[in-house]
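Fold and geometry: a report
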Amino acid sequence: MPGWVQQGYDEYAKRLPRECELVLKEVAPGKRSKNSDIARIVKDEGERMIAVIPSGAHIVTLDIPGYHWTTPELAKAMQRWREGGQAVALLVGGPEGLADSVRPLARESWSLSTLTFPHPLVRIVVAEQLYRAWSILNNHPYHR
């Protein structure tokens, strides 16, 4: 990822308190070429993604057909997640989306938009929205 992506992500991640820490586990996308077997690549990405999910985590996929939360609704979801006491794994698929093996593991699915965003922007937008939701729950002035 370009430096601006890491800088943007880090800015919001560092604002969150320890009890709401963001831990990024990046699963590198498979190599794609003109003659690639895309189905196999997506399947492999899904297997590697599943392998890094913390045991017992509450899994939320980021997927276009997911729920379109408003920011206050995201804050309510975050409150539920915190009350559940489990780690939360937010899963973003590769260029072709999530593997079929990943979707059934999700307890919820969140759609940022029906637009397609580049992965670098998704990383920053998700971090910022989680910080914004946290700010609502904690009466912090960031969210006005």
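1. With respect to the overall build of the chain
Within the chain, the secondary structure is distributed over four helices and three strands. Seen in sequence order, the chain has helices and strands lined up from the N terminus as α-α-β-α-β-β-α. For the chain, the C-alpha radius of gyration of 15 Å lies close to 15 Å, the compact-globule estimate for 144 residues. In terms of overall dimensions, the chain has a C-alpha envelope of 50 × 35 × 25 Å along the principal axes. Summarising the internal contacts of the chain: among those between residues at least 6 apart in sequence, 75% fall at separations of at least 24.

2. Describing the nonpolar core
The tendency in soluble globular proteins is for nonpolar side chains to be buried side by side. Grouped together as the largest cluster of nonpolar side chains are 23 residues, with contacts concentrated most on Leu74, Met78, Trp81, Trp110 and Leu130. When contributions to this core are tallied by element, the ones reaching two or more residues are helix 1 (3-15), strand 1 (58-67), helix 3 (71-84) and helix 4 (119-137). For this core, the leading source of residues is helix 4, giving eight residues. Residues in contact with methionine 78, not counting those within four places in the same chain, are Cys20, Leu130, Ala133, Trp134 and Leu137.

3. Regarding the packing of aromatic side chains
Overall, the coordinates contain seven aromatic pairs when judged by the stated rule. With a centroid separation of 6.0 Å and 65° between ring planes, the pair formed by tryptophan 69 and tryptophan 81 is classed as edge-to-face. Of this pair, tryptophan 69 sits in the loop between strand 1 and helix 3 while tryptophan 81 is found in helix 3, placing the two residues 12 residues apart along the sequence. Side by side, tryptophan 69 and tryptophan 81 carry an identical accessibility label, which is buried. Ring centres 4.8 Å apart and planes at 65° place the aromatic pair tyrosine 131 and tyrosine 142 in the edge-to-face group. One end of the pair, tyrosine 131, is in helix 4; the other, tyrosine 142, is in the segment after helix 4, and 11 residues separate them in sequence.

4. A word on the pairing of strand 2 (residues 88-92)
What you see with strand 2 is a clean split: Ala89 and Leu91 sit on the buried side and Val88, Leu90 and Val92 on the side with no burial. Examined bridge by bridge, strand 1 and strand 2 share five bridges and lie parallel to one another. By the bridge assignment, threonine 61 is partnered in strand 2 with leucine 91. Handedness of the strand 1-helix 3-strand 2 crossover: right-handed.

Cut-offs and rules
- Residues numbered from 1 in each chain as written.
- Predicted model: local features only at pLDDT ≥ 70, side-chain atom pairs only at ≥ 80, totals over all residues.
- Heavy atoms only, no water.
- Helix = DSSP H or I, 4+ residues; strand = E, 2+ residues; numbered from the N terminus.
- Rg over C-alpha atoms; globule rule 2.2 N^0.38 Å.
- Contact = heavy atoms within 4.5 Å.
- Core = buried A, V, L, I, M, F, W, Y, C linked by side-chain atoms within 4.5 Å.
- Buried < 20%, exposed > 50% of the residue type's maximum accessible area, 1.4 Å probe, protein only.
- Phe/Tyr/Trp six-rings, centres within 6.5 Å; stacked < 30°, edge-to-face > 60°.
- Pairing = 2+ DSSP bridges.
- Right-handed = clockwise from strand over helix to strand, strands pointing away.

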